[in-house]
Amino acid sequence: PRLLSQFFFADERVTRVVAEINRLDAELDPQQYLLLLNQLHLSQARRGGHGDTALLAVIERIMEECIPTQRHSRDYLVKFPEELLVGNLGNHMLFAAEGLLAGTFLEVEEAEGAQLRPRARNLLGSLELLRAVLREQSLSQPGSYPEPVRDALIQFDRLFAEFELSYVSSLVAVKSPEEIYRQQEIIVLFCETVERALRLGYLTQEMIDGYEPLLMFTIPRLAIISGLLIYPEGPLSLERSPEQMSQVFSPFYHLLQRISELLRVLSAEELCLLERSLCAAE
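Residues numbered from 1 in each chain as written. Predicted model: local features only at pLDDT ≥ 70, side-chain atom pairs only at ≥ 80, totals over all residues. Heavy atoms only, no water.

Novice: Give me the lowdown on the domain arrangement of the protein, citing residues and values where you can.
Specialist: Once the domains are mapped, the protein shows domain 1 (1-171) and domain 2 (177-280). For domain 1 and domain 2, the distance between their C-alpha centres works out to 43 Å. (Domains from an automatic or database assignment.)

Given below as structure tokens:
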């Protein structure tokens, strides 16, 4: 059950593939090199019979146990597109670093790859050092984490985060602080909308607690009305230009203007009837 013991066996699997890579000339046989890199990727992501025993997963658990308060900030993850956060991003980062260092990775432009290569070299060098330190510790005292182990963990965690942010930023347009703030505004709008709908009896707490599927349509509809009438200075403010609005709503700027004009001629009774109708319609 000791994490350092789990690391030893995970490291053994990766070591076998790395040994094959080191015996190969990447320039003479780039296809075989990429094949072995893929095998390395799989061995790092491999799952065992007693939970996740992938090398990176074990190292992650060791860091959480050994340096929980000294981890490098991962706040930048909120800037990444949501689809990137679904898969195993960590394993892909090491795979990308190996490819960049060999000059055979085609996912980034040549100029960007040249800028990323030093970070990839530092990251992989740090990983090799960390593996050596953890392996030695697993063979001597697998139940403790002396200072050299802690230092190696802190360095790897920092270099990994720096490479991850730089690499993903070279591939996709990461969200700006302004866009993140706009998304937070939308979250607040939706929360205020739900609170108001509960107060007026449009929704019930039982519907929310039971994850009523109709809410997927109802809450956004009510949020549009709330954003245009109840909270006009919020994320749906038409005083802003389309470029200043969140990307969620900016394509519908002119439609929102028309909806706002129609809503402003409704009486309180007509608005209530409209909102109740939106709660019932699919």
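Novice: How would you summarise the packing of helix α1 (residues 3-22) against helix α5 (residues 110-140) if you had to cite specific residues and measurements?
Specialist: Two quantities define a packed helix pair, namely the angle between the axes and the distance from one axis to the other. One can describe the packing of α1 onto α5 by two numbers: an axis separation of 9 Å at closest approach and a directional angle of 130 degrees. Here α5 runs oblique to α1, going by the angle between their axes. Read as a crossing pair, α1 and α5 show a hand that is left-handed. Packed against α1, whose contacting residues are Leu 4, Phe 7, Phe 8, Asp 11, Glu 12, Val 14, Thr 15 and Val 18, the element α5 presents Arg 131, Leu 134, Arg 135, Gln 137, Ser 138 and Leu 139 at the interface. Looking at the contact of α1 with α5 residue by residue, the class counts come to seven nonpolar, three polar and four charged. (Axes fitted to C-alpha atoms, helices over the stretch in contact; angles between N-to-C directions. Helix = DSSP H or I, 4+ residues; strand = E, 2+ residues; numbered from the N terminus. Parallel < 35°, antiparallel > 145°, perpendicular 65-115°, else oblique. Left-handed = near helix turned anticlockwise from the far one by under 90°. Contact = heavy atoms within 4.5 Å. Nonpolar A, V, L, I, M, F, W, Y, C, P; charged D, E, K, R; others polar.)

Novice: An account of the state of the cysteines is requested, with residue identities and associated values reported.
Specialist: According to the stated counting rule, one finds zero disulfides in the structure shown. Cys 191 takes part in no disulfide bond, and the closest cysteine sulfur to it belongs to Cys 279, at a distance of 17 Å. Between Cys 279, a free cysteine, and Cys 272, which holds the nearest cysteine sulfur, the sulfur-to-sulfur gap is 9.4 Å. (Disulfide = S-S within 2.5 Å.)

Novice: A description of the environment of Ser 170 should follow, citing residues and the corresponding values.
Specialist: Turning to its location among the elements, Ser 170 is positioned in helix α6 (residues 147-171). Judged by relative accessible area, which is 18%, Ser 170 ranks as buried. Reaching out from Ser 170, the side chain makes a polar contact with the backbone oxygen of Tyr 167 at a distance of 2.5 Å. (Buried < 20%, exposed > 50% of the residue type's maximum accessible area, 1.4 Å probe, protein only. Polar contact = N/O pair within 3.5 Å; in protein donor to acceptor, adjacent residues only side chain to side chain.)

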